[in-house]
Amino acid sequence: MDSRKSLQKPKPKTRDYSEDEVQKQLEDGQKAGELPAVLRQLFDGCPLEKKEMIFKTAITVCVNILNSDQLQTSVAKEIVGKILLEIGRLDGTSVVTLAELLIDGIKTGAVSNGHSLELFPKMLSIITSQRLIKGSMGEMSGVEYKAHLLNDLCRNKWDPGCVLHIANMCREIPLSPEELKFVVKKLFRETVSLPISEVPALIYQLLVLSTKGHKKLILAAIRELFVRLDNKMSTAMETNHREVSVTRVSRSDLLQAEGTVILHVTFALKQDQELAKEFITSLKTPDSRASLSPFNVALALSIARLHRFESIVFDFLRTAILKSLKDIERRGASHWIQEKSHDPCDMASVLLTTVDNSSSGWDHVVEGLVLLGFQLMESFAAKSRNMCVPQTPQQHACLLGEKLLYSCFKAHPVVCQEIVSQLLNRILANATSYIHHYISLLSKVVEATPQVVLDTLPQVRETFDYLSLLPHQPAIELLSAILPLAHFSLSVRDSLLIVLRKSLVSKNLESRKMAVGGYLLLLKKFKVFALGPGLRELDSSQLDILTQSQQVEVEVHPSTSHTGNEAFCLEILGTLRRCLSQQYEVKLLLYQGLCSVLMENMKLAENIVDLLLSQLMLYYEPEQEVTPPLKLEPCVTVMGTDTVKLEPLDHLVKCIQLSVVAFDEHGARSGEEGVALPPVLEEARSVLCSLVERMIISEPEDFLLDRSADFSSASSVGVKNKFLGSLVMGLYETLMEYTFASGQLSQESCEQTLKLYDGYVKVFNTVNEKATASVAKGGANASTSVAKGGANASTSATKGGATSVAKAGANASTSVAKAGANASTSVAKGGANASTSVAKGGANASTSVAKGGANASTSVANGGANASTSVAKDGANASTSVAKAGTKAKPSTKKLSVTSVPNKLWPSNLRLQFVIRLLKALFMDSIPGHQQALAILKASSSFVRYILSVALQKIQEIRDRTSEEGAVVMQGQKKLWKKCMALGRILFNQMESLAIGVKAPKTEKGRSIADLCVEGFSQLLEIVEGEWPEKMEEFLGGVVPADKGEADLYGTTHHIIRTLQTLFTAAINASTSSKDAILMLGVVSLLMKYLPSGSQQLEQVCGWVRGHAQSKEQGSDAPLAKALASLLLTVVARQSASAQTMEGFAQDIHYHIGDCDEDVQLQESDQFAIISKTTAHSVLPVLYTHCEVLLSDIDWLIVQLKSEFSPQAESPFVDDDGASDSAHHGTASPTQHTGVVAAICDQLTHALGTMCELVQTALSPGLATNGLLKCLTKFYNVMSNLVKYYASLFALFTHVCNHLIVLVEMVGKELSPKTYSFITYTQTIDENARSEEGAKSKHGRGKAKSAAGKLKKEGRSIPDLIFSMEMFEKHLIQLSKKSKTDLMEHFKRSTARDFKIDGQTVQAKLSENVMEESGDDEDDEEHPNPKRLKTV
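All values derive from a computational prediction rather than experimental measurement.

All right, on to the environment of Ala1010 then. Mapping Ala1010 onto the fold places it in helix α42 (residues 1009-1027). Since its relative accessible area comes to 14%, Ala1010 is described here as buried. Ignoring anything within four residues of it in the chain, the contact list for Ala1010 reads Leu994 and Leu1063.

Each packed pair of helices is defined by two parameters, the angle between the axes and the distance between the axes. Contact pair helix α14 (residues 273-283) / helix α17 (residues 307-333): the axes reach a minimum separation of 10 Å and the direction vectors enclose 15°. By the angle between their axes, α14 is roughly parallel relative to α17. Considering how the two elements wind past one another, α14 and α17 form a crossing that is left-handed. Every residue of α17 that contacts α14 at Gln273, Ala276, Ile280 and Leu283 is listed here: Arg308, Phe309, Ile312, Val313 and Phe316.

Orientation of α42 relative to helix α43 (residues 1032-1039), taken along the N-to-C sense of each, is 150°, at an axis distance of 10 Å. Regarding the angle of α42 to α43, the classification is roughly antiparallel. Crossing geometry of α42 relative to α43 is assigned as right-handed. On α43, the residues that touch Phe1017, Leu1020, Leu1021, Val1024 and Glu1025 of α42 are Met1032, Phe1035, Leu1036 and Val1039. Partitioned by chemical class, the residues of the contact of α42 with α43 number eight nonpolar, no polar and one charged.

Cis geometry is found at the peptide bond from Thr627 to Pro628, where omega equals 0°. The residue Pro628 is located in the loop between α32 (605-616) and β3 (636-639) in this model.

This part covers the confidence of the model for the protein chain. When pLDDT is averaged along the protein chain, the result is 77; 75% of the residues meet or exceed 70. In the predicted structure, residues 1418-1432 sits below a pLDDT of 50 and forms four contacts with residues beyond four places in sequence or in another chain.

Our focus in this paragraph is the state of the cysteines. Applying the stated criterion across every chain, the model contains zero disulfides. Summary of cysteine pairing: Cys416 is not part of a disulfide, and the nearest cysteine sulfur, belonging to Cys408, is at 9.7 Å. Of the residues examined, Cys416 reaches a relative accessible area of 3% and is grouped as buried.

Attention shifts here to the pattern of salt bridges. By the definition in use, this model includes 23 salt bridges. Across the salt bridge formed by Lys186 and Glu190, the nearest N and O atoms sit 2.7 Å from each other. Take Lys186 and Glu190: they sit in the same class, and that class is buried. Among the ionic pairs, Asp1193 bridges to Arg330, the shortest N-O distance being 2.6 Å. You can see Asp1193 sitting in helix α49 (residues 1176-1205) and its partner Arg330 sitting in helix α17, a full 863 residues away along the chain. On the accessibility criterion, Asp1193 (8% relative accessible area) is buried. Classification of Arg330 as partly exposed rests on a relative accessible area of 28%. Through salt bridges with shared partners, a single network forms among Glu699, Asp758 and Lys762.

Attention now goes to α43. Residues of α43 that are buried: Met1032, Phe1035, Leu1036, Gly1038 and Val1039. The arc enclosing the buried residues of α43, seen along the axis, measures out at 165°, which places them on a common side. Residues of α43 that are buried in the fold lie against α41 (973-996), α42, α44 (1049-1069) and α45 (1075-1088).

About the cut-offs
Residues numbered from 1 in each chain as written. Predicted model: local features only at pLDDT ≥ 70, side-chain atom pairs only at ≥ 80, totals over all residues. Heavy atoms only, no water. Helix = DSSP H or I, 4+ residues; strand = E, 2+ residues; numbered from the N terminus. Buried < 20%, exposed > 50% of the residue type's maximum accessible area, 1.4 Å probe, protein only. Contact = heavy atoms within 4.5 Å. Axes fitted to C-alpha atoms, helices over the stretch in contact; angles between N-to-C directions. Parallel < 35°, antiparallel > 145°, perpendicular 65-115°, else oblique. Left-handed = near helix turned anticlockwise from the far one by under 90°. Nonpolar A, V, L, I, M, F, W, Y, C, P; charged D, E, K, R; others polar. pLDDT = per-residue confidence, 0-100. Disulfide = S-S within 2.5 Å. Salt bridge = Lys/Arg side-chain N within 4 Å of Asp/Glu carboxyl O. Arc of directions from axis to C-beta.

As C-alpha cells, then:
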C-alpha cells in the first residue's frame, strides 16, 4: 500500500531545486523510507542543464547515508545498483570528487559498512578511461590519477571495521602488478589491527585476490603472518601474559583462526592449479625450511590430503626432519659451529606442537600426521637391534614417528582403530625384518588404552591366526605387546589359548617354540598370590573346568579372581609337561622361560619343581658313591654324521635350583624362615646338595672327557664331546650359583664355590685345549696342562679345599686326599722319579715338589682354587711354573692352565642377577660378618676375573640381544634398566677403589681387574646411550656414590672422567698392552659429549689429553698414538676449533716421514711426542678424517649463510619502529656477515697450513696419498663455494673481506704450486710401484691386482682434484671482475690440458703389451697353475 501511495504522488519538480534542496529532498525520502523512489525520480526527471549538479549532489548525499549504516541491506543494495547505473553520466572531475570523498570517509572512519565501497571500483574504472583528468592532485591522465588515488588510499591507516570491505572491493578494481602488490602488502599490514576472528575472512579475500597475480607473495605472507603470531603467543606464554596485543588474543582463538585459514588455503589450492604449483615451489626453497612452524607444517599436512600433492609434501617433510636432526647433531659436535650459526629449526618440537594444536580446531591435519608418522617409522627404521649403537639422526626420526603416532592416538580417538590396524598389518607383513619399533608402539598403545584396542578385536583375533607362521622371536614380542588385553577380554584369552594349543603340536619347530613362549608369557602375566591346598591335587581336566567356571564374569569385570589365576596357571603347567618329550630347542626354551617365570610368579615354585624334578631323575644317579652324579650319555646322540642334542641338562638343574633358592629367599623376606619346605622342594634340595658334593670330587675323566677324547668340530664324535663338555661346565656354574646363593656367605659355601670353579676350569681346559691342540715338536705329542694316566703327570684332587698334584716318571698315580681344611700329603712312588705333594688347608697354597729324575716338573699354586701344571717338552728337561692367586702360569706348551681365566668363555649359565649379586658382595659388601667368607673368594683373583668376564659376556649378550635379558621387550625394559644401573654402580665403585689405591701392577698374565671393569662400564655406557639416551644423566648420577658425586650432570661426568684418567696413567706406566689404555680413552671420548662446550671441566680434559699427547713417556705404540690423536682433535673441536691442532700434527708428520725432495733439510718439529717415525703413518688417517669433518662443517656453515643472507621475498610486515622484522625474515646485518666470513677464513687458513705440510711429505703410494688427494679436493671445493657465495652477494657488501684476500693469496702462493708438485710426485711413485708390481706379478698375481686397484683409485682422485682447482680459479676470476680486485695475481696460468692421440705412441705401447702377454704365457707353461690343469 505504501508503494502504491508513493506512486500516486505527483513527481517533484526538480527544475528549480538547488543542491540544498536536492539534499533535503533525499533526506526527507530517507525519513519517509522512500529514498530509492526519490533517487530514481531525481535521476529520471532532472533537466540536462542541471544533470551534473543533481547527480553529483544526489550521489554524495547517498554515499553519506550509506556510510551512516541507517539503511536496511536490501534498500542499500537497491540504492547502490541505481547509482552504478547512473554514475557513468558524470564527467571525470565529478567522479574524482566522489572517489576522494570515499577515501576521506575511510581515513576518518566514517565508512562503517561496505555498501558505499561498492561504488569505488566503478569510479576508478571511469577515471582510468579518461585521457586527461583534473582534480585536487592536479591535472594528469586517468591511469596516473587512479594510481595516486590508490596510493592515497593505502598510505593511511584504515578503520578495522572496513578492512574486509576494502579487501572485497579490491577484487573488482582493475590493478596493475605493482598496484596489486602495493594493495596486498597494505591488507596484510592491516591484520595487526584486526580482531583474530576476522583474520580468516581477510585471508579468504586475499586468496581470491591472488587470481590477479602475486600468488607467491600472498602465500609467503600468510605463512609469515602466523609465524609472527605464534612467536608472539609463545613469548607471551613464557612471560605469563595471556594477551598478545590490545586485541586480547587467546591461544584457543588463535588456533581456531589458524584452523579456519588452513581450510581456506586448502580449498583455494584445490581450485587454483597455478596457486598450488606456487605453493609446491615455495616448499622447495631453503627459506621455507628455515621458517617452518606448527602452522606451516599443519598447512602442508592438510594439503597432503590432496592426492596429487601427497608424495611431494611428505618428501619435503621427511627431508626437512632429517636435515633438522643432522644440523642439531652437527652443532652439538663443534663449539665453533655453535658460536657462528643460529639454532636450527627443531622439527621434533614443531611436529609435537602440531599434534597438540590439532586438538583445538586442526582436526583436518590428523590424517596427515598419522601418515607422516608411519612414513617416518618405515623410512628411517634401523636394520638391526644392537643396543650399543648410538642413535643416528635416522633413528631419531624413526622415534619421532613413533611419538607422533602415540600422541595422535591419545589425542584423537577417531584415528585409534586406524593406527592399531596399520600397526598389526605392518608387523605381519614385515615379520622377517626389523619390526621392534612397531611392536614397541603397539605395546604402548595397548598399555595406555586397552579398551580402545579391544574395539579392533576381529583384527586382533586374525593376528593370532598368523602367530604360528611368524618366526619365534617376533611372535613372542608381538604376544608380549598384546597380552594385556587378555586381562580385559575372555574372548581374547580363549582365542590365544586355542592358537597356542594348536601350535604346540605343530610339525613346525618355530610354531612349537612360539607356543611355549606364549604359555610362559601367560604364566608371568597372571599372578598367583597363594595356592589353595585343593588345587594341587586336581588333574588337568578338572583344572580346565574350574578355569572356565571362574571366567564367566571376565567380560564384565576386567580383573580375574585369584582362584581363576591359580587354576589357569596350573592348567598351563600341565600343558607344558608335554614339552618334556619334544626337541632340545623346545626344552631349552621351556627351562629358560620357567626361570624368568619364577621371578614374576613366586607361588608357582613348588609346581615348577614338581614338573621338572621327575625329568631330572631320568639322569640322576641316586647312589651317593657313584661319580659322576649325572648320566650325560642320554643327553646327546649321534645319528650317522649328525649330532643330535636331546636334553639341556644344565638348564634343567638351573631351573630347579633357582626354584629352591627363590622359595627360601621369599620365605626369608616374608618372615617365614621357620616354615618347613614342601616335600618336593625338600627332595630337590637334597638332590642339589648331593650334586654339589659329588661334582666337587669328579674329574673330567669321569665324564669321559679325558685328554685322549676327540673335541674337533670336524667329526660328529668331536661335536658330541664338546656338547657334553658344555653341559658339564654349565652344571658347574649352576651349582656354583646354588652354593653361593643358598650358603648365605658362609665360609663353607665360599670354599665349595671355589672348588666348583676349579672343576669348571679343568673341564674348560680339557675341551678348549684339546680342540686347539697341535702336534708337539721333538717327536713327542703335545699334552694338555693336566693329564691323567699314561707316562705323564697325574692329578690328585682333594676334597675340602686341598689340591695335590702327583707326578711320577713311568706310571702316574692319582691320589685323592679328603682332609677338609687340614694338610694332606701324598707321595707317589714309581720308576726313577718321585714326587711329593703337600696340600695345606682349604684356601691355602698347595705345593708339589718333584725330586730327581729326568722328567720332573714342579708346580706351586697359591690361592687354594686351582693348580697349574706344566708339561716338559722332548722328555728331557723340567719346567717350573708358579701361579699366584689367580694369575696364569706360563706352560711350555702355551696353553691355558688350571688357574688361568679362560680368555674366551663359553656361553655362561650364570644369571645376570646372580653375577650382580656376587660382584656386589666381592666389591661393595662391608658387613663385618661376611668378610671372613668373602676373603676366601677375594684371595683368588682368578675367580674374581672369571666373574668379571662373565659379566662382560652378559653385557655383550644384552648389546646383541642374544640372551634372555637382551631379548626382553616392553615390560622387561624397566628391570633391564635396573640391572644395568646396579652393574654400572658396582663396576665404577671398583674402578674408583682401584684408582684411589693404585699400585704397581702385578706381573700376571691376562687382563687386570681394572681393565675388565673399565670394559664393562664402557659397554654399559654404550647400551644406555643406544637404548635409553634420555636416561644418561640418571645413569651417571646413579653409578657415582652420593657422597662423592656432584650436584649436576657435568660434575658427575667429570668425576668419572677423572677416575678414568688415573687408571689410564697407571695402565701407561705398567708398560703392558695398550688395548686397555685405548679402551679408557674411548670411554672418556663417550663421556666428553655430556660436558658443555667451553666449560672448565672440558678444558681440564683437553689439557690432560694434550699433556699425554705431548709427553715423551708414551713410547711409540701406534694404536695408542692413533687413539690419543683422535681424542685430542675431538675434544679440541668441542672446546674451540681443531684446525690449529691439526696443523701441528701435520708439521710433526712431515718432519718424521720426510720431504718429497730428499735434498730438503727439514727443521725439527716435536710438538706432539706421540708422533714418531713408527706412529706417523698410523696418525695420518685420523688427521684426514678430522680434516674432512672440519671442511664439511665449514661447507655447512656457508650453506647456512646463503639462507640467511640471500635475497628474500619482500615482507609486507613492518615493526612498530618502521623497520622490517629481520628475525622472521632471515636476513642479517653486513657486520655479522663479515664476522662469520672472517672466522671461516681463519679456519681455512689453518687447514691450508695442514695441506701445505702434507703435500710436501714423502707419503707412500696407496691409502696415504689417496686420502690426501681427497682432502685437497674437499678443500678446493669449499674454497670454490665460499668465493661463489661471496660473488653472489657482492652487491650487498660492496667490498671483499680482507681475510678472504689474504686466504686467496696464500692459496695462490703456497698451496696450489705445491699441490701440482705433489701430483707429479704421486704419479712418479705410482709408476715406480707399477713397475715393481709388474716384476712381482709372475709370482703373485693376486697381490699385483690388489695394488693395481689401489693405484686406479689414486688415478681417479687426481682428475677430481684438478677439476676442483680449476673451478675455484673460475669463480675467483668472476669475483675479481665484480670487485675490481685482482685476486688472481698470485696464481699461475694453468697448464693447457688439451691433447691429441699420437698414433705411433699408441701402436708402440700396444706392441709392448702384446709382447708382455706372450711372455706371461710362456711363464705359465713353465709354471702351470694347478687349478687350471685340474679344469682341463
